[in-house]
Amino acid sequence: MYIEYLSLVNFRNYARLELTLPQGPVLLHGANAQGKTSLLEAIYYLATCNSPYTVSDWQMINWQAEQDIIPFARLSADVVTSRSPLERVEITLVQDRNGSDQHTRKDIRLNGVPKRVMDLVGQINVVLFLPRDLSLIEGSPAERRRYMDATLCQTDRAYCESLDTYEKLLPQRNALLRRIGEGQSGLEELAFWDVQLAEHGARLIAGRQRLLRELESIAQHSHLDLTGRREMLEISYQPSFTPTLDGDGQMSFNVRGLDLHRQMEPEEIAPQFLQALEIGREEHVERGMTLLGPHRDELRFQINQRDVGLYGSRGQTRTAILSLKLAELEWMRDCIGEWPILLLDDVVAELDADRRVYLLDRIDGATQSILTTTDPGVFSASFLQKAAVWQVAEGRISTG
Ligand SMILES: Nc1ncnc2c1ncn2[C@@H]1O[C@H](COP(=O)(O)OP(=O)(O)O)[C@@H](O)[C@H]1O
Ligand SMILES: [Mg+2]
């Protein structure tokens, strides 16, 4: 798939941008703080309704627009996919000022028809490479969960719906736990919440298990290639609650990798998850929170059976992440049956010569890839010849 036309109004430092994009590689170059990352962010936002950088949407509205009576930003892309010749995806962010409260309203349209966030799933698929991806190994478990969710949400609407529901159920169950602790509610009231939490949680667990199994088997190949066949990469899913494969009712609460030899289905996991919630009720009431479930899952990376987060060198971490991102790309291609749009923000310059060649070679066949750099000199002459090389300066793009 590829974006044929992109239009931005009041998005970050783009007061107004109208851009026709070609297929193949596009290299955006320019000094720092000119708008390279913002352009990739806009495309990522159109694909996912999420920013990889900011949590509050109003930060994306151009500062100058804040003077306006109703500050807004509008993003719009015409996308061509193998299933449809042209689809227009439009998101308008409108700042609602309610006293000191800043709230952003989102208006989403597909071909002019108002839609919900969920309806965006699968309209534009992207794989984003960032230098910050290293924090997937070095950072907190929450970042790894966000990675799994963001990846699955792009391709699997049912997963996305269950995630949304789970994230609403969890604080409600937690509030009830606290009320029970204070003697204002009874333990039996948990039953209703537990059944739903188990049902949706089981879908998340099954989805994550599937994703990681598939990513691991693809990533292992790249990682062997990149390390002269010396390093075996393993990516293991460690759900906070470990369902057993044979369903014999034996429950283990140890944090250890889930046996990945067989894919478990949500229907097998849900009753076990429910049982674990029931067994845990009293402790959950005591602590005032739900102590197990997908919101506490982990995933670990190992090289030759050693944890990369704990023992990996910087170089090994970098290579593992590159293997993972390339696996994500292959995985998404398999899921959607065509190349997703690739967005590479400042990553090529960070790699050594061998990895650079490997990466550019692996993405060579992409329908559309947009790369940014401050230094086009790190790209080979043959790449520069193939690519559209554009300069970004102060929120303007010169395509000349
Ligand atoms: N809401 C906003 N309105 C206007 N400018 C913004 C907004 N948010 C960020 N910026 C500015 O936009 C500029 C471009 O940032 P960025 O896209 O990250 O640049 P680059 O990737 O080229 O280094 C920066 O100077 C940043 O401070
Ligand atoms: Mg940048």
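Residues numbered from 1 in each chain as written. Chains lettered and ligands numbered in written order. Predicted model: local features only at pLDDT ≥ 70, side-chain atom pairs only at ≥ 80, totals over all residues. Heavy atoms only, no water.

Caption draft 1: Looking closely at the packing of helix 5 (residues 190-226) against helix 9 (residues 353-362). Where helix 5 contacts helix 9, the two axes come as close as 11 Å, and the packing angle between them is 140 degrees. When the axes of helix 5 and helix 9 are compared, the crossing they make is right-handed. Facing helix 5, whose interface residues are S222, D225 and L226, helix 9 presents R355, Y358 and R362. Here the residues of the contact of helix 5 with helix 9 sort into two nonpolar, one polar and three charged. (Axes fitted to C-alpha atoms, helices over the stretch in contact; angles between N-to-C directions. Helix = DSSP H or I, 4+ residues; strand = E, 2+ residues; numbered from the N terminus. Left-handed = near helix turned anticlockwise from the far one by under 90°. Contact = heavy atoms within 4.5 Å. Nonpolar A, V, L, I, M, F, W, Y, C, P; charged D, E, K, R; others polar.)

Caption draft 2: Focus on the pattern of salt bridges. Enumeration according to the criterion identifies 27 salt bridges in this entry. One salt bridge in this structure joins D78 and R88, with 2.7 Å as the shortest N-O distance. Of this pair, D78 sits in strand 4 (residues 72-80) while R88 is found in strand 5 (residues 87-98), placing the two residues ten residues apart along the sequence. Using a relative accessible area of 7% as the deciding quantity, one classes D78 as buried. Between R105 and D96 there is a salt bridge whose closest N-O contact spans 3.3 Å. Within this structure, R116, D119, R157 and E161 form a network of salt bridges that share partners. (Salt bridge = Lys/Arg side-chain N within 4 Å of Asp/Glu carboxyl O. Buried < 20%, exposed > 50% of the residue type's maximum accessible area, 1.4 Å probe, protein only.)

Caption draft 3: Structural detail: the sheet that holds strand 14 (residues 388-393). Here six strands make up an open sheet; going across it, the order is 8-12-13-3-14-15 and the pairing mixed. Sheet topology places strand 8 (126-129) and strand 15 (396-398) at the edges, where each strand pairs with a single neighbour. For this sheet the average axis-to-axis angle between neighbouring strands, irrespective of direction, equals 20 degrees. The sheet contact formed by strand 3 (residues 24-29) and strand 13 (residues 368-373) spans six bridges and is parallel. Along strand 13, the bridge assignment pairs L28 with T372. (Pairing = 2+ DSSP bridges.)

Caption draft 4: Quick peek at helix 5. Look at helix 5: 50 Å from first C-alpha to last across 37 residues, which is about the 54 Å you get at 1.5 Å a residue. Remark: G228 follows helix 5 within two positions and exhibits a positive phi of approximately 60 degrees. (Expected span 1.5 Å × (residues − 1).)

Caption draft 5: Just the side chain of S38, in detail. Secondary-structure assignment places S38 in helix 1 (residues 36-48). Relative accessible area serves as the criterion here: at 13%, S38 is assigned to the buried category. Filtering out sequence-adjacent residues up to four positions away, S38 remains in contact with F11, R12, N13 and Y14.

Caption draft 6: Representation of the environment of G122. Structurally, G122 can be placed in the loop between strand 7 (113-115) and strand 8. The exposure class assigned to G122 is buried, which follows from its relative accessible area of 18%. For G122 and D156, which are 34 residues apart along the polypeptide, the C-alpha to C-alpha distance reads 7.8 Å. When sequence neighbours within four positions are dropped, the list of residues in contact with G122 reads R83 and Q154.

In short, geometric facts, not functional conclusions.
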